[in-house]
Amino acid sequence: KAGVTQTPRYLIKTRGQQVTLSCSPISGHRSVSWYQQTPGQGLQFLFEYFSETQRNKGNFPGRFSGRQFSNSRSEMNVSTLELGDSALYLCASSLAGSSSYEQYFGPGTRLTVT
Amino acid sequence: LAKTTQPISMDSYEGQEVNITCSHNNIATNDYITWYQQFPSQGPRFIIQGYKTKVTNEVASLFIPADRKSSTLSLPRVSLSDTAVYYCLVGSPMDTGRRALTFGSGTRLQVQP
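Residues numbered from 1 in each chain as written. Chains lettered and ligands numbered in written order. Predicted model: local features only at pLDDT ≥ 70, side-chain atom pairs only at ≥ 80, totals over all residues. Heavy atoms only, no water.

**Description of the side chain of Ser71(B)**
All names here are of chain B. Its location among the elements puts Ser71 in strand β7 (residues 70-75). Judged by relative accessible area, which is 1%, Ser71 ranks as buried. There is a polar contact of 3.0 Å between the side chain of Ser71 and the side chain of His24. Here Ser71 is in contact with Ile20, Thr21, Cys22, His24, Ile33, Trp35, Leu62, Phe63, Ile64 and Cys88, once residues within four sequence places are set aside. (Helix = DSSP H or I, 4+ residues; strand = E, 2+ residues; numbered from the N terminus. Buried < 20%, exposed > 50% of the residue type's maximum accessible area, 1.4 Å probe, protein only. Polar contact = N/O pair within 3.5 Å; in protein donor to acceptor, adjacent residues only side chain to side chain. Contact = heavy atoms within 4.5 Å.)

**Description of the sheet that holds strand β1 (residues 9-13) of chain B**
All names here are of chain B. Taken together, the five strands give an open sheet; going across it, the order is β1-β9-β8-β3-β4, and neighbouring strands pair in mixed fashion. What marks the edges here is a single partner per strand, and that holds for β1 and β4 (45-50). Each adjacent strand pair in this sheet contributes to an overall mean axis angle of 25°, direction not counted. Across three bridges, strand β8 (residues 84-91) lies against strand β9 (residues 107-112) in antiparallel orientation. The partner of Val85 across the bridge, within β9, is Arg108. (Pairing = 2+ DSSP bridges. Axes fitted to C-alpha atoms, helices over the stretch in contact; angles between N-to-C directions.)

So, in structure tokens, the structure goes:
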């Protein structure tokens, strides 16, 4: 079974631009979560989508948004990029209704804002 | 998710058993204890999850005392490839409002030859 895939793997953007990151979950997984990882703040939860609906949201400004499609693929968008948005963005998928905290993470997208 | 406290770093040698303890004094009745492993520039990887007593899989063992206020991840006979950051998480996975994983600072394990 293929793992979680994220595209692109690396991205360089300029302050003020916007960016869209893509995530394809493991087949059959309907829950997709996004996380931001930086050296200073560590791993932080952004949001979770299930059946095309945002089910949970972390403490991030409205510049960070996401969506999920009917095939469970998800995208996240960051508008008006700031230098502090430079980070590794991780996507994770899991089985809906699971009694486990087992989430499967993708390799991440390394975003650099200059 | 309940707040967790882990050692910042640990050192070990190949072939030794490593025990990483996590404190979670305010764990709730429905909370489970989960451990993740992360290598540099990769996403975290689920290792093990437990509720009470002892859980063992092909990778590690998880020991949870009766009061559940702490837990210990045990890695038998570590190798250089076990060098990574290990995160302890506590929460109730069935609570859809709390399915967001909250990672603490983790424990950086360095295995020496």
